[in-house]
Amino acid sequence: MTPSIEELHGGEFRLLAMLSHRRLADFVVDYFFRRGSWVTRLHHGISAVILACAILIAYSRGMSFLEGLAAFGLALVALFVVILPLHEALHAIGYALVGARDIRWDGSLRMLAVWVIAHRFVTNARPFIFVALLPTVVLNAIILIVAAVVPKLTVFLLFLLLWHHQGASGDWSLLNFFWLHRREGVWTYDDAETEKSFFFGRAR
């Protein structure tokens, strides 16, 4: 049975973390770098493999350093112009699929970030992990397929894949949070009005 927001703030649950949407970087630094696990190590390992493949393919095709740098920079532009909107749209679709109805968009020019908020939608680990991983699984699969089908774009697309994977570090920090607190039965919800997300576990 899904608890209500009032029940979460009652005596049966305790607040594990409160994430301010305007200070997302603090949460990412904490749960992506400081409190690592196999989740964050997997992310770093995937990044290393992508980068190594991009460099090896570029070298095998005789690309100059400047050509590789140009592909790297162009991939960053494509990340913000094309991939980021699609990434957040897939989060929104994921939330809709698991039952959220009041889905809102927000962002910060200072952080160069956009995010989706499922206002006052209470969920636990399984639906949340589905929503968090949906953009990574879908977009990374598409990028890899196109990279295999269109060899001329392989290096550029591998750099785009790398940028997207790095850009999803916020999602992975949340996955890591759920892993580290997996024994506490985590429930969470977003509040668009206070611009915060709340994470609760069973009271001990």
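In what follows, the accompanying structure is described. What you see is a predicted model; the values in this text were computed from it and never measured.

What counts, and at which threshold
- Residues numbered from 1 in each chain as written.
- Predicted model: local features only at pLDDT ≥ 70, side-chain atom pairs only at ≥ 80, totals over all residues.
- Heavy atoms only, no water.
- 1 Å grid on protein atoms, 1.4 Å probe; cavity = no way out; pocket = protein on both sides within 12 Å on 5 of 7 lines; lining within 4 Å.
- Points joined across faces, edges and corners; volume = space filled by probe spheres on them.
- Helix = DSSP H or I, 4+ residues; strand = E, 2+ residues; numbered from the N terminus.
- Nonpolar A, V, L, I, M, F, W, Y, C, P; charged D, E, K, R; others polar.
- Core = buried A, V, L, I, M, F, W, Y, C linked by side-chain atoms within 4.5 Å.
- Buried < 20%, exposed > 50% of the residue type's maximum accessible area, 1.4 Å probe, protein only.
- Contact = heavy atoms within 4.5 Å.
- Pairing = 2+ DSSP bridges.
- Phe/Tyr/Trp six-rings, centres within 6.5 Å; stacked < 30°, edge-to-face > 60°.
- Lys NZ or Arg CZ within 6 Å of the ring centre and 35° of its normal.

**A look at the layout of surface pockets**
Considered as a void within the structure, the largest pocket measures approximately 950 Å³ in volume. Taken together, the elements giving at least two residues each to the lining of the largest pocket come down to α2 (24-34), α4 (65-97), β3 (113-118), α5 (125-149), α6 (154-167), α7 (169-180) and β6 (196-202). Top element by residues in the lining of the largest pocket is α4. It accounts for nine residues. Residues that form the lining of the largest pocket fall into these classes: 26 nonpolar, ten polar and three charged.

**Quick notes on the nonpolar core**
Among the nonpolar cores identified, the biggest contains 25 residues, and Y95, F177 and F199 are the most heavily contacted of them. Among the elements of the structure, β1 (13-20), α2, α4, β3, α5 and α7 are those that each provide at least two residues to this core. Apart from residues lying up to four places away in sequence, Y95 is in contact with A100, I103, V116, A118, F121, F128, V131 and D190. With 20 residues, the next largest nonpolar core counts A71, A75, L139 and I143 among its residues.

**Regarding the sheet that holds strand β5 (residues 187-191)**
Spatial ordering of the open sheet is given by β1-β6-β5-β4, a layout of four strands whose pairing is antiparallel. The sheet is open, and its two edges are formed by β1 and β4 (123-124), each paired on a single side. One ladder, built from two bridges, connects β4 with β5; its direction is antiparallel. Residue T123 lies in a different strand from β5, and its bridge partner there is T188.

**Focus on the packing of aromatic side chains**
Going through the model one piece at a time under the given rule, you end up with 14 aromatic pairs. Arranged with centres 5.5 Å apart and planes meeting at 85°, the rings of W38 and W179 form a pair that is edge-to-face. You can see W38 sitting in helix α3 (residues 38-60) and its partner W179 sitting in helix α7, a full 141 residues away along the chain. Where F177 meets F199, the ring centres are 4.8 Å apart and the plane angle is 55°; that geometry is what we call tilted. Residue F177 is located in helix α7, and its partner F199 is located in strand β6; the two are separated by 22 residues in the primary sequence. On the basis of relative accessible area, F199 is assigned to the buried category, the value being 1%. Through successive ring pairs, a cluster of aromatic residues spans F27, Y31, F128, F177, F178 and F199. Taking NZ or CZ as reference, R182 lies 3.8 Å from the ring centre of W179, over its face.

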